[in-house]
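Spelled out from the first residue to the last, the chains are:
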Amino acid sequence: LLSYMFENCNSLESLDLSKFKTQNVKNMEGMFRFVNNIKQLDLNSFKTGNVYNFSCMFQSCGSLEKLDLLNFDTKNAEDMSYMFNFCNSLYELKISKFETSNVKSFQGMFSNCVNLFELTVSSFNTKKAENMESMFENCSDLTSLNVSGWNTEAVTDMRFMFSGCGNLTSLDVSGWNTEAVTDMGDMFFGCQCLSSLDVSGWNTGKVTDMYAMFSNCNDLTSLDVSGWNTEKVSTMGYMFQYCQCLT
């Protein structure tokens, strides 16, 4: 158990963890949470094969600029919620080898990583994922994001998922299975550079909330939702607010 080990160690500017033996650790929740003055962390020696909880691990590491986690073994991970939340100086994040087949929650994982301009998550296995709320919220420097191959059949919550991704110019979610989703509120709020978005094949039969779903999608020129089942939706307020280019 290493949860919250260095939380709020705000004066730390460097940390040598090269001699750490972590092969038996199962919980790293909040380990570096609010460690605000460290710009780089070398975690190449970490053995994480038994860890099931990575939630909040680097949350609010506000000075962290680069993070290489290519050596992380995440095959047993179940919770990655808020893992990098508010790492607002982070511009380089290497996680392309993450094995996420057992992860149930991605809630807020990258939210408010405002300086990330590139993020490789195309290989994520999301078959067991249930919560994607705010996953990329306010990742305002991202211009592209490849999530087209994700399996979303078990996801129930997608609210705020891409909200505030103001520089995204393309996003392919056309093949997503949304049959279990109940909340899509604010999902694409403020995606002001998206000119097209294909959600025509989505199953919305269980959705109850579509509040401000496409609000402030200023460049969106077309949107086909003609086949959507909105029978259970209780709120659609502001759904297309400021979609000024829709014809």
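Here we summarise the structure given alongside this text.

Rules used in this analysis
- Residues numbered from 1 in each chain as written.
- Predicted model: local features only at pLDDT ≥ 70, side-chain atom pairs only at ≥ 80, totals over all residues.
- Heavy atoms only, no water.
- Helix = DSSP H or I, 4+ residues; strand = E, 2+ residues; numbered from the N terminus.
- Rg over C-alpha atoms; globule rule 2.2 N^0.38 Å.
- Buried < 20%, exposed > 50% of the residue type's maximum accessible area, 1.4 Å probe, protein only.
- Contact = heavy atoms within 4.5 Å.
- Polar contact = N/O pair within 3.5 Å; in protein donor to acceptor, adjacent residues only side chain to side chain.
- Phe/Tyr/Trp six-rings, centres within 6.5 Å; stacked < 30°, edge-to-face > 60°.
- Salt bridge = Lys/Arg side-chain N within 4 Å of Asp/Glu carboxyl O.

For the protein chain, the helix and strand inventory stands at zero helices and two strands. For a compact globule of 247 residues, the expected C-alpha radius of gyration is about 18 Å, and the protein chain comes in at 19 Å, within 12% of that figure. Judged by the C-alpha coordinates and their principal axes, the protein chain covers about 60 × 30 × 25 Å. Every one of the 247 residues in the protein chain was classed for burial, and the buried ones make up 48%.

Mapped onto the elements, D198 comes out in the segment after strand 2 (92–94). When neighbours within four sequence positions are excluded, D198 is seen to be in contact with V173 and S174. In terms of polar contacts, D198 uses its side chain to reach the side chain of S200, at 2.7 Å.

To continue, consider the side chain of S134. Following the sequence through the fold, S134 ends up in the segment after strand 2. We classify S134 as buried; its relative accessible area is 6%. One polar contact links S134 to E137, side chain to side chain, over a distance of 2.9 Å. The residues contacting S134, other than those within four sequence positions of it, are G108, S111, R159, F160 and M161.

Scanning the entire structure with this criterion turns up 23 aromatic pairs. Centre to centre, the rings of F162 and W176 are 6.1 Å apart; their planes meet at 35°, and the pair counts as tilted. Here the residue F162 occupies a position in the segment after strand 2, and W176 occupies one in the segment after strand 2, the gap between them amounting to 14 residues. Ring centres of F214 and W228 lie 6.2 Å apart, and the angle between their planes is 35°; this geometry places the pair in the tilted category. In this pair, F214 sits in the segment after strand 2 while W228 sits in the segment after strand 2, placing the two residues 14 residues apart along the sequence. For F214, a relative accessible area of 0% corresponds to the buried category.

So, on to the pattern of salt bridges. Going through the model one piece at a time under the given rule, you end up with six salt bridges. D73 is the partner of K75 in a salt bridge, and the nearest nitrogen-oxygen pair spans 2.7 Å. Of the residues examined, K75 reaches a relative accessible area of 39% and is grouped as partly exposed. The class of D73 is partly exposed, set by a relative accessible area of 28%. Note that R159 is salt-bridged to E133, the shortest N-O span being 3.3 Å.

This part takes up the environment of R33. On the secondary structure map, R33 appears in the segment before strand 1 (66–68). Along the chain, R33 and D209 lie 176 residues apart, while their C-alpha atoms are 32 Å from each other. With residues up to four places along the chain from it excluded, the contact list for R33 reads Y4, F6, E7, N8, C56, M57 and Q59. Engagement of the side chain of R33 in a polar contact is seen with the side chain of Q59, the distance being 2.6 Å.

Position of S215 among the secondary structure elements: in the segment after strand 2. Under the relative-accessibility criterion, S215 is labelled buried at 0%. Only 3.1 Å separates the side chain of S215 from the side chain of Q241, close enough to count as a polar contact. If we ignore the near neighbours within four places in the chain, the residues touching S215 are F188, F189, G190, Y238, M239 and Q241.

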